[in-house]
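Chain by chain, the residues run as shown.
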Amino acid sequence: MAPLTCTKLSVITVTGVLTQIIGLSLFVFGFFPVKPALPGTSGSESFYAPSCDFVGNLSDTTLPSDQLKSLYQELSGIPPSFERLILMVIDGLPAEFVLGKNGKPPNKQFKEAMPYTQSLLASGSAIGYHAKAAPPTVTMPRLKAMVSGALGGFLDVAFNFNTQAMMDDNLLGQFFRIGWKMVMLGDETWIKLFPRLFQRHDGVSSFYVKDTVQVDQNVSRHLGYELRKDDWNLLILHYLGLDHVGHIGGRSSVLMAPKLKEMDEVVKLIHSSINPSQGNRQGQALLLSRHLCLDNLTRGGQPYLGVRQEEEQNKT
């Protein structure tokens, strides 16, 4: 057997390193592809029928927010259904806790833990439905999907720990362009994704999972004040406590029922505060998502609630 010279050892080493680099590159680009995003934002051209020779109205970007809002309403031909929107996120709430599973009602303990929400569903004031969510279902990519419709990639799991500002076109950016005032309370991921969009915010960290109390109290302590204010169009509430309870003790935790009751009280407070007769306001909207979502609009002069449950696709 020929002796192993320094030259042969160097060739073998370089070959091995190159092989590892090529293999790692194939793995990264194959399983963690970076999806290109379309540049720019949607404008008034979205309201026109598509044609080959159509050129978008570039002057949209120079219009003041009030004129841009009027332009969009005129082009759409649809009057706004409501003027204020509340997006309440109960992080980690399983669908079967509220809507049941496989045609069966929720377990008695979970049903009794949210009596107000269940009463809205039972009386027909709320409509429940499921929305399938593509994995991964960690916070940052799911929030991106909620506001932009984009599908998350597995690379977003790593980005979840170092969230950067979202540069793609999204609903919050469009709201900001037409002059909406936005307030955010809860998971600081929103503030990292959309810096400088909120006129008021109070963020909490989602990574200290042992905190099941202060992480929600920090949101609720501002709620009464914000509901009395009339200087915002969008209020985002992102509650993390129930998700933390699930991480610590699972759905059988002794903390689960009290936390569900706490969230039910928040739903009751928000729903009770809605007065459709306030001036020219046509009610408010209440959305709960990831995993529970409620839409509160005005129907026949009365608050109307629709419940949306979001769960991971192909996940039982």
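A few points on the structure. As the structure is a prediction and not an experimental result, all values here were calculated from the model. (Residues numbered from 1 in each chain as written. Predicted model: local features only at pLDDT ≥ 70, side-chain atom pairs only at ≥ 80, totals over all residues. Heavy atoms only, no water.)

## Remarks on the overall build of the protein chain
Keep this limit in mind: In DSSP terms, a helix is any run of H or I states spanning at least four residues, a strand is any run of E spanning at least two, and both are numbered starting from the N terminus. Each residue is placed in one exposure class: buried if its accessible area under a 1.4 Å probe, protein chains only, is under 20% of its type's maximum, exposed if it is over 50%, and partly exposed if it falls in between. Whether two residues are in contact is decided by their heavy atoms: any pair within 4.5 Å suffices. Accessibility throughout is a Shrake-Rupley quantity obtained with a 1.4 Å probe, and a residue counts as covered only by protein chains that appear here.
A count of helices and strands for the protein chain gives twelve helices and eight strands. Here the protein chain holds 316 residues, and 39% of them are scored as buried. Pairs at least 24 residues apart make up 65% of the contacts formed inside the protein chain by residues separated by at least 6 positions. Summed over its atoms, the accessible surface of the protein chain is roughly 17,700 Å², and 60% of this surface lies on carbon and sulfur atoms.

## Thoughts on the pairing of strand β1 (residues 84–90)
Burial analysis of β1 places seven of its seven residues in the buried class, which makes it a mostly covered element. With burial as the criterion, each face of β1 is covered, one bearing Arg84, Ile86, Met88 and Ile90 and the other bearing Leu85, Leu87 and Val89.

## Here we look at a nonpolar patch on the surface
Heads up, the condition is: Residues enter a patch when their relative accessible area is above 30% and they make no salt bridge; the linking distance is 9 Å between like charges and 5 Å between nonpolar side chains (Val, Leu, Ile, Met, Phe, Trp, Tyr). Criterion for a salt bridge: a side-chain nitrogen of Lys or Arg within 4 Å of a carboxyl oxygen of Asp or Glu.
Where nonpolar side chains cluster on the molecular surface, the patch consists of Leu24, Phe27, Val28, Phe29 and Phe31 and spans about 550 Å² of accessible area. On the secondary structure map, Val28 appears in helix α1 (residues 6–31). With a relative accessible area of 32%, Val28 lands in the partly exposed category.

## Observations regarding the side chain of Asn170
How we decide: Nitrogen and oxygen atoms within 3.5 Å of one another constitute a polar contact, given that in protein one can donate a hydrogen and the other can accept it, and given that sequence-neighbouring residues count only through two side-chain atoms.
Relative to the helices and strands, Asn170 is located in the loop between α7 (155–159) and α8 (171–177). In terms of polar contacts, Asn170 uses its side chain to reach the backbone amide nitrogen of Leu172, at 3.1 Å. Not counting chain neighbours up to four residues away, the residues in contact with Asn170 comprise Val147, Ser148 and Phe194.

## Observations regarding the environment of Phe47
Along the chain, Phe47 turns up in the loop between α1 and α2 (65–76). Along the primary structure Phe47 and Tyr72 are separated by 25 residues, whereas in three dimensions their C-alpha atoms are 8.1 Å apart. Excluding residues within four positions of it along the chain, Phe47 makes contact with Tyr72, Leu75 and Ser76.

## Comments concerning the nonpolar core
Just so we agree on the cut-off: The definition of a nonpolar core used throughout is a set of buried Ala, Val, Leu, Ile, Met, Phe, Trp, Tyr and Cys residues joined through side-chain atoms within 4.5 Å.
In terms of nonpolar packing, the biggest core is built from 30 residues, with Met88, Leu223, Leu235, Leu237, Tyr239 and Leu260 touching the most fellow members. The element contributing the most residues to this core is helix α12 (residues 256–273), with six residues. Every residue in contact with Leu235, bar those within four places of it in the chain, is listed here: Leu85, Ile86, Leu87, Val183, Leu185, Leu223 and Glu226. If you look at the next biggest cluster of nonpolar residues, it comprises 23 residues, including Met166, Phe175, Met184 and Trp190.

## A short note on the pattern of salt bridges
For the structure shown, the criterion picks out nine salt bridges. Note that Asp231 is salt-bridged to Arg200, the shortest N-O span being 2.8 Å. Of this pair, Asp231 sits in the loop between α10 (214–228) and β5 (234–239) while Arg200 sits in strand β4 (residues 198–204), and the two are 31 residues apart along the sequence. Here the salt bridges do not stand alone but share partners, grouping Arg200, Glu226, Lys229 and Asp231 into one network.

## Some words on the packing of aromatic side chains
Test applied: Two rings from Phe, Tyr or Trp (for Trp, the six-membered ring) form a pair when their centres sit within 6.5 Å of each other. Planes less than 30 degrees apart are called stacked, planes more than 60 degrees apart edge-to-face, and all others tilted.
Scanning the model with the defined rule gives three aromatic pairs in all. Between Trp190 and Phe194, the ring centres sit 6.2 Å apart and the planes meet at 35 degrees, which makes this aromatic pair tilted. Judged by its relative accessible area of 0%, Trp190 is buried.

## Brief notes about the packing of helix α5 (residues 115–123) against α12
In a pair of packed helices, the angle between the axes and the distance between the axes together describe the arrangement. Put simply, the rule is: Here, axes are lines fitted to C-alpha atoms. For helices the fit covers the stretch in contact, and angles between N-to-C directions go from 0 to 180 degrees. What sets the label is the angle itself: under 35 degrees gives roughly parallel, over 145 gives roughly antiparallel, 65 to 115 gives roughly perpendicular, and the rest give oblique. Any residue that is not Ala, Val, Leu, Ile, Met, Phe, Trp, Tyr, Cys, Pro, Asp, Glu, Lys or Arg is counted as polar, Gly included; the first ten are nonpolar and the last four charged.
Where α5 meets α12, the closest approach of the two axes is 7 Å, and the angle between their N-to-C directions is 55 degrees. In terms of their interaxial angle, α5 and α12 are classed as oblique. In this structure, α5 uses Pro115, Tyr116, Thr117 and Leu120 to contact α12, whose residues at the interface are Asp264, Val267, Lys268, His271 and Ser272. Residue composition of the contact of α5 with α12, grouped by class: four nonpolar, three polar and two charged.

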